[in-house]
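# Fold and contact review
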Amino acid sequence: MRKEGFAVAQMGPVHLQDSREKTVKRLVEMLTEAQSRGATWVTFPELALTTFFPRYVYDKPSEYDPFFEEATPSKAMQPLFAEAARLKIGFYLGYAEKTQVSGTVRRFNTSILVGPDGSIIGKYRKIHLPGTIEPVGDPEFEHLEKRYFDVGDLGFPTFQTPAARIGMCICNDRRWPETFRVMALAGAEVFMLGYNTPSRNIHHNEPVHLREFHHRLCLQSAAYQNAAWVMASAKCGSEDGFDMIGGSMIVAPTGEIVAKTVSEDDEVIVYRCDLELGAYIRRSVFDFERHRRPEHYQAIVNQVGIELPE
Ligand code: CDT
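Everything in this summary refers to the structure shown in the same document. Only a predicted model underlies this, so the values are computations on that prediction, with no experimental measurement involved.

## Section: the overall build of the chain
Tallying secondary structure elements over the chain gives nine helices and 14 strands in all. At 19 Å, the chain has a C-alpha radius of gyration in line with the 19 Å of a compact globule built from 310 residues. Oriented by its inertia axes, the alpha-carbon framework of the chain measures out at about 60 × 55 × 45 Å. Within the chain, the proportion of its 310 residues that are buried is 53%. Across the chain, contacts joining residues at least 24 apart in sequence account for 69% of those joining residues at least 6 apart. Side-chain charges of the chain comprise 35 positive and 41 negative groups, with the mean position of each set lying 4 Å from the other.

So, in structure tokens, the structure goes:
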């Protein structure tokens, strides 16, 4: 057995007026709890330092730049980095990143993986950005990630850590099976992801039980079909009146949910994950080397939309 304690630290709402200082204090408290309960890794949510600002319409960079971090670690993140290094615990953190790429300002919906020694192991920039560039005109359904963020430019990298090979993705990425298969093909044993999922579907009105069902469906199938552990962390509850689903969870490579939050508030769940369980499944039913047939999967990389055969 190769067991390791993993925690998921779910966050309740972060309101527009909440300071970064107050929010990071909440993260530090959960990190401390996770460590005291035996975890060596913690997964925090997407855009964990601020409210989920893509629900609001802003026109000028001067209006939306205050939600972005320009350094890693930024000043706001420093107490979290310091405490994690002191406790020797690694973490995944989602935040809005403003940077320069080839002399041009770029903004990404980003996550970083920080090792138990406080060093940055790796970075991921969200690829499947949901929503629209232009406002739809109804504040209940506004979701403007395509307006504020560039499409991630780092692919789906995986990182070897002392505990396991870890892959990262963010929220809407979990609805796309390609996300997880690409990481699994690069050896990921654990997928970490943070999310902010509005209780209302941005495309159409849908009962909230379906929002939660689709969330579980994606995570459980990703875990099972790729023989990997999934750590999924929500920012949830009502942010200034905008509801988001909770349901943070840890899913085993069998597809079973082994730990799940019950609140829509700050809450830590911990599970001692057996990394050998995934390894066994990858040697049997999902032995990619023996069973995959990529010569029949070409449409997946050659096409974006549906093309009817002649
Ligand atoms: N943050 C984020 O990516 N939210 C999306 C909303 C899409 S609604 C179909 C999500 O997938 O949860």
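## Here's the deal with unusual backbone geometry
Put simply, Thr 72 and Pro 73 share a cis peptide bond, and its omega is 0°. Within the secondary structure layout, Pro 73 lies in the loop between helix H2 (61-64) and helix H3 (78-87). One non-glycine residue, Cys 171, lies in positive phi territory at about 40°. Locating Cys 171 in the fold gives a position in the loop between strand E7 (165-170) and helix H5 (177-185).

## Details of the sheet that holds strand E12 (residues 249-251)
Across the sheet, which stays open at both edges, the six strands sit in the order E6-E7-E8-E9-E12-E13 with mixed pairing between neighbours. Looking at strand neighbours, the two that pair on one side only are strand E6 (158-160) and strand E13 (257-260), the edges of this open sheet. On average, each strand axis in the sheet is tilted by 20° relative to the strand beside it, whichever way the strands run. Pairing of E12 with E13, which is carried by three bridges, proceeds in the antiparallel orientation. In the strand pairing of E13, Ile 250 is matched with Ala 259. On the sheet, H5 packs against E6, E7 and strand E8 (190-195) and is oriented at approximately 160° with respect to E7. Taken strand by strand, helix H6 (residues 208-226) contacts E8, strand E9 (229-234), E12 and E13, and its axis lies near 30° from that of E12.

## Side note on the sheet that holds strand E2 (residues 41-43)
With mixed pairing, six strands are arranged side by side in an open sheet as E5-E4-E3-E2-E1-E14. In the strand order of this sheet, the two ends are held by strand E5 (120-125) and strand E14 (267-274), each with one partner. Between one strand axis and the next, the sheet turns by 35° as a mean value, whatever way the strands run. Strands strand E1 (3-10), E2, strand E3 (90-101) and E14 of the sheet are contacted by helix H1 (residues 20-36), whose axis makes an angle of about 40° with E14. Sitting on the sheet, H3 is in contact with E3, strand E4 (104-114) and E5, with an inclination near 140° to E3.

## Notes on the pairing of E5
Looking down a regular strand, the side chains alternate between one sheet face and the other. In the sheet, E4 pairs with E5 via five bridges, with the strands oriented antiparallel. Looking at E5, one finds that Leu 113 is bridged to Gly 122.

## Structural notes on the site of the ligand
Among the 16 residues in the neighbourhood of the ligand, the closest are listed as Lys 126, Cys 171, Asn 172, Arg 175 and Thr 197. Contact distances for the ligand include 2.7 Å between an oxygen atom and a side-chain N or O atom of Arg 175. In the model, an oxygen atom of the ligand is placed 2.6 Å from a nitrogen or oxygen of the Thr 197 side chain. Protein coverage of the free-state accessible area of the ligand, which is 350 Å², stands at 97%.

## A word on the packing of aromatic side chains
Taken as a whole, this structure holds 16 aromatic pairs when the rule is applied. One aromatic cluster in this structure is built from Phe 53, Tyr 56, Tyr 58, Tyr 64, Phe 67, Phe 68, Tyr 148, Phe 149 and Phe 242. The ring of Phe 68 has Arg 107 sitting right over it, with the charged end atom 5.9 Å from the ring centre.

The rules we used
- Residues numbered from 1 in each chain as written.
- Predicted model: local features only at pLDDT ≥ 70, side-chain atom pairs only at ≥ 80, totals over all residues.
- Heavy atoms only, no water.
- Helix = DSSP H or I, 4+ residues; strand = E, 2+ residues; numbered from the N terminus.
- Rg over C-alpha atoms; globule rule 2.2 N^0.38 Å.
- Buried < 20%, exposed > 50% of the residue type's maximum accessible area, 1.4 Å probe, protein only.
- Contact = heavy atoms within 4.5 Å.
- Lys, Arg positive; Asp, Glu negative; His and termini not counted.
- Charge placed at Lys NZ, Arg CZ, Asp CG, Glu CD.
- Pairing = 2+ DSSP bridges.
- Axes fitted to C-alpha atoms, helices over the stretch in contact; angles between N-to-C directions.
- Near = heavy atom within 4 Å.
- Polar contact = N/O pair within 3.5 Å; in protein donor to acceptor, adjacent residues only side chain to side chain.
- Areas by Shrake-Rupley, 256 points an atom, 1.4 Å probe, with all protein chains shown as cover.
- Phe/Tyr/Trp six-rings, centres within 6.5 Å; stacked < 30°, edge-to-face > 60°.
- Lys NZ or Arg CZ within 6 Å of the ring centre and 35° of its normal.

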